[in-house]
Amino acid sequence: MKRITLAETTHFIIKEHLQAGDIAIDATLGNGHDCLFLAECVGSTGHVYGFDIQTQALESTRQRLHDLNAAPVTLIRANHADMRHYIPEAEQGHISAIMFNLGYLPGTDKSIMTQTQTTLQAIEVACDLLASQGLVTVMAYPGHAGGDEETRSLQAWVQNVEFKRFSVETHFSQHHQESAPRLFVIRKLT
Ligand SMILES: C[S@@+](CC[C@H](N)C(=O)[O-])C[C@H]1O[C@@H](n2cnc3c(N)ncnc32)[C@H](O)[C@@H]1O
């Protein structure tokens, strides 16, 4: 039987949630797979904002989106902790889904990776930008140096989330080990 990966689980959850015309954010563009997926979900009447600190990630994403006949995408080279400054005020509080896929850009300099402090800041901002019932997904990788501390901090953060305003589910890999990736799904309740 084919195993469902956490990446597939993330896409399944988001696809169930997003509708044509929605606004979404990819907070870590990387090679643009998630950005393309979001753009297809929200369709030509929606909009996707994508963030990454590396020019190379924006370039890879741009190439991946080349033949896209779907949502307009705005690619922004910036730290996701600052994303609020790039989202029009009228759209703040109206974002339907925000994806984080933490870590480093595969095949490049592994020292350029997400950092605990800015990741937590960015997730706080993301929660603020969400529409009511909107969701933030965070794929975390405790199996590499730095990713372990980042995942522990995230775990602590989700345990202290304001339960009246948000619910959090954690999904583990099928053969769960401490070092295996995990997916946090944060839903805004009000
Ligand atoms: C695992 S990759 C993302 C994979 C991507 N979602 C995809 O579909 O290909 C993580 C990305 O996060 C980016 N990144 C690291 N720190 C960041 C930050 N503070 N703000 C925005 N992006 C960051 C890295 O440059 C890297 O491209």
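Residues numbered from 1 in each chain as written. Predicted model: local features only at pLDDT ≥ 70, side-chain atom pairs only at ≥ 80, totals over all residues.

Focus: the overall build of the protein
Moving on, step 1. In terms of regular secondary structure, the protein is built from 5 helices and 7 strands.
Moving on, step 2. Shown N-terminal to C-terminal, the secondary structure of the protein runs as helices and strands in the order α-β-α-β-α-β-β-α-β-α-β-β.
Moving on, step 3. Against the globule reference of 16 Å for 190 residues, the protein gives a C-alpha radius of gyration of 15 Å, in line with a compact fold.
Moving on, step 4. If you line up the protein on its principal axes, its C-alpha atoms span 40 × 40 × 40 Å.
Moving on, step 5. Sorting the 190 residues of the protein into buried and exposed places 36% on the buried side.
Moving on, step 6. The contacts of the protein with a sequence gap of at least 6 include a subset with a gap of at least 24, amounting to 71%. (Helix = DSSP H or I, 4+ residues; strand = E, 2+ residues; numbered from the N terminus. Rg over C-alpha atoms; globule rule 2.2 N^0.38 Å. Buried ≥ 20, exposed ≤ 12 C-beta atoms within 10 Å, placed from the backbone. Contact = placed C-beta atoms within 7 Å.)

Observations regarding the site of the ligand
Moving on, step 1. Within the structure, the ligand sits among 22 residues, and Thr28, Gly30, His33, Asn101 and Leu105 are positioned closest to it.
Moving on, step 2. Counting residues per element, the ones that place at least two in the shell around the ligand are helix H2 (33-42) and strand S2 (47-52).
Moving on, step 3. Of the residues belonging to the shell around the ligand, the class tally is 8 nonpolar, 12 polar and 2 charged. (Near = placed C-beta within 6 Å. Nonpolar A, V, L, I, M, F, W, Y, C, P; charged D, E, K, R; others polar.)

A look at H2
Moving on, step 1. Among the 10 residues of H2, 7 are classified as buried, and the element is accordingly described as predominantly covered.
Moving on, step 2. Residues Asp34, Cys35, Leu36, Leu38, Ala39, Cys41 and Val42 constitute the buried set of H2.

Regarding the pairing of strand S4 (residues 95-101)
Moving on, step 1. Of all 7 residues making up S4, 7 are buried, and the element is well covered by its neighbours.
Moving on, step 2. Alignment of strand S1 (residues 23-26) against S4, held across 3 bridges, turns out to be parallel. From the neighbouring strand, Ala24 faces S4, where its bridge partner is Ala97.
Moving on, step 3. Bridge count for S4 against strand S5 (residues 130-140) is 6 bridges, and the pairing is parallel. Paired with Ile95 across the two strands is Leu130, which belongs to S5. (Pairing = 2+ DSSP bridges.)

Looking at the nonpolar core
Moving on, step 1. Of all hydrophobic cores here, the largest spans 42 residues; its most connected members are Ala24, Ala27, Val48, Ile98, Ala126 and Val138.
Moving on, step 2. Elements with a contribution of two residues or more to this core: S1, H2, S2, S4, helix H4 (116-129), S5 and strand S7 (182-188).
Moving on, step 3. If sequence neighbours within four positions are ignored, Ala27 has contacts with Phe51, His80, Met83, Ile98, Met99, Phe100, Ala122 and Ala126. (Core = buried A, V, L, I, M, F, W, Y, C linked by C-beta atoms within 7 Å.)

Comments concerning the pairing of S5
Moving on, step 1. Of all 11 residues making up S5, 8 are buried, and the element is well covered by its neighbours.
Moving on, step 2. In this fold, the crossover linking S4 to S5 by way of H4 has right-handed handedness. (Right-handed = clockwise from strand over helix to strand, strands pointing away.)

Overview of the packing of H4 against helix H5 (residues 147-159)
Moving on, step 1. One way to put it is that H4 packs onto H5 with a least axis distance of 9 Å and a crossing angle of 35°. As H4 packs across H5, the resulting crossing turns out to be right-handed. The segment H4 lies against H5, with Thr116, Thr119 and Leu120 engaging Glu149, Glu150, Ser153 and Trp157.
Moving on, step 2. For the contact of H4 with H5, the residue count by class is 2 nonpolar, 3 polar and 2 charged. (Axes fitted to C-alpha atoms, helices over the stretch in contact; angles between N-to-C directions. Left-handed = near helix turned anticlockwise from the far one by under 90°.)

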